[in-house]
Amino acid sequence: MIRLVAATALAVMSLAACEGSDRPAAPAPAPAADQAAGSASPAAPTVGDGVLTAEGLGQARIGMTLAELTAVWGADANPGAVGGADPQTCDEFHPANAPQGVNVMIQNGVLTRITLMRNAATRTDRGIAVGDEAAAVTQAYGDALVAQPHKYEAAPAEDLFAWTRGGSSQYVDDASARGVRYEVGSDGKVKMIHAGGPSIQMVEGCA
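For the structure given in this document, a descriptive report is provided here. (Residues numbered from 1 in each chain as written. Predicted model: local features only at pLDDT ≥ 70, side-chain atom pairs only at ≥ 80, totals over all residues. Heavy atoms only, no water.)

Regarding the pairing of strand β8 (residues 158–165)
Where strand β7 (residues 146–149) and β8 come together, four bridges link them in antiparallel fashion. Bridging from a neighbouring strand, P149 pairs with E158 of β8. Both β8 and strand β9 (residues 178–184) contribute to a ladder of seven bridges, which runs antiparallel. In the strand pairing of β9, W163 is matched with G179. (Pairing = 2+ DSSP bridges. Helix = DSSP H or I, 4+ residues; strand = E, 2+ residues; numbered from the N terminus.)

Now the structure itself:
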């Protein structure tokens, strides 16, 4: 009798196992939304990332009004300094809240140029900073660069232009043009970087 009960129980268990193997497997749970978001590729650098581009730096964008720039970076940190012979037409200064070593050019009430000076720590979107070798600029841009002799210094001093919109090898006067100019000194190193519209071609500031 004991053997009969055991055999019956074994048969029932085997039948249950067979029936279970015929059932479809439960679908795997979908990944959580935050996991999916975390696996996304990082976005390319933008002007909001604190790098200088032909369009601007941070919240300061080429083409904004002086009032808009002041709201972002504050007023002139040294209002007593002379930035231009006719400030109403053209003025250059360092806004009080702008990054170190950053100057702006305002023409007719509009931001047209941002300049990285000698003590600037900011880099361009190609990773170039003041003090870098000119070779680094050439490597970063390749054939996209337009090289011109420096107006006041002998070679290897030069001006390297990288236009992103509306540029050419000739003088550019299209207000919608945008580019970056790397000013290379006689030591072969970048001594200033100018970004913005046609005003990046000006070699004596507002003069």
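Now that the structure is up, let's keep going.
Digging into the sheet that holds β7
On the basis of which strands lie adjacent, the open sheet formed by seven strands has the order β4-β5-β6-β10-β9-β8-β7 and antiparallel pairing. In this open sheet, the two edge strands, each paired with only one partner strand, are β4 (90–93) and β7. Taking each pair of neighbouring strands and ignoring which way they run, the sheet shows an average axis angle of 20 degrees. (Axes fitted to C-alpha atoms, helices over the stretch in contact; angles between N-to-C directions.)

So, empty space enclosed by the protein
Enumeration according to the criterion identifies one cavity of 30 Å³ or more in this entry. Its boundaries defined by the atoms lining it, the largest cavity holds a volume of some 40 Å³. If you trace the largest cavity, you find it lined by V146, Q148, F161, W163, S168, Q170 and Q201. Contributions of two or more residues to the lining of the largest cavity are made by β7 and β8. Classifying every residue of the lining of the largest cavity by side-chain character gives three nonpolar, four polar and no charged. (1 Å grid on protein atoms, 1.4 Å probe; cavity = no way out; pocket = protein on both sides within 12 Å on 5 of 7 lines; lining within 4 Å. Points joined across faces, edges and corners; volume = space filled by probe spheres on them. Nonpolar A, V, L, I, M, F, W, Y, C, P; charged D, E, K, R; others polar.)

Some thoughts on the state of the cysteines
What the rule picks out here adds up to one disulfide. Here C90 connects covalently by a disulfide to C206, the sulfurs 2.1 Å from one another. A torsion of -70 degrees about the S-S bond marks the disulfide between C90 and C206 as left-handed. Of the two residues, C90 sits in strand β4 while C206 sits in the segment after β10 (190–196), which places them 116 residues apart along the sequence. Like C206, C90 is buried. (Disulfide = S-S within 2.5 Å. Buried < 20%, exposed > 50% of the residue type's maximum accessible area, 1.4 Å probe, protein only.)

Overview of unusual backbone geometry
In this chain, A155 is followed by P156 through a cis amide linkage whose omega measures 15 degrees. Tracing the backbone shows P156 in the loop between β7 and β8. We note that N108 has phi near 50 degrees; this positive angle belongs to a residue other than glycine. Its place among the elements puts N108 in the loop between β5 (102–107) and β6 (110–116). The class for N108 is exposed, based on a relative accessible area of 61%.

Overview of the side chain of T53
Note that T53 resides in strand β1 (residues 52–53). According to the relative accessible area criterion, T53 is buried, its value standing at 9%. A polar atom in the side chain of T53 sits 3.0 Å from the backbone nitrogen of E55. (Polar contact = N/O pair within 3.5 Å; in protein donor to acceptor, adjacent residues only side chain to side chain.)

Here's the deal with the pattern of salt bridges
One pass over the structure, following the stated rule, counts nine salt bridges. Between R165 and E55 there is a salt bridge; the shortest N-O distance is 3.0 Å. Residue R165 is located in strand β8, and its partner E55 is located in the loop between β1 and β2 (56–57); the two are separated by 110 residues in the primary sequence. On the basis of relative accessible area, E55 is assigned to the partly exposed category, the value being 27%. Across the pair E92 and R113 runs a salt bridge whose closest N-O atoms are separated by 3.0 Å. Placement of the pair is E92 in strand β4 and R113 in strand β6, with a sequence separation of 21 residues. (Salt bridge = Lys/Arg side-chain N within 4 Å of Asp/Glu carboxyl O.)

Bear in mind that shape data such as this cannot, by itself, settle questions of function.
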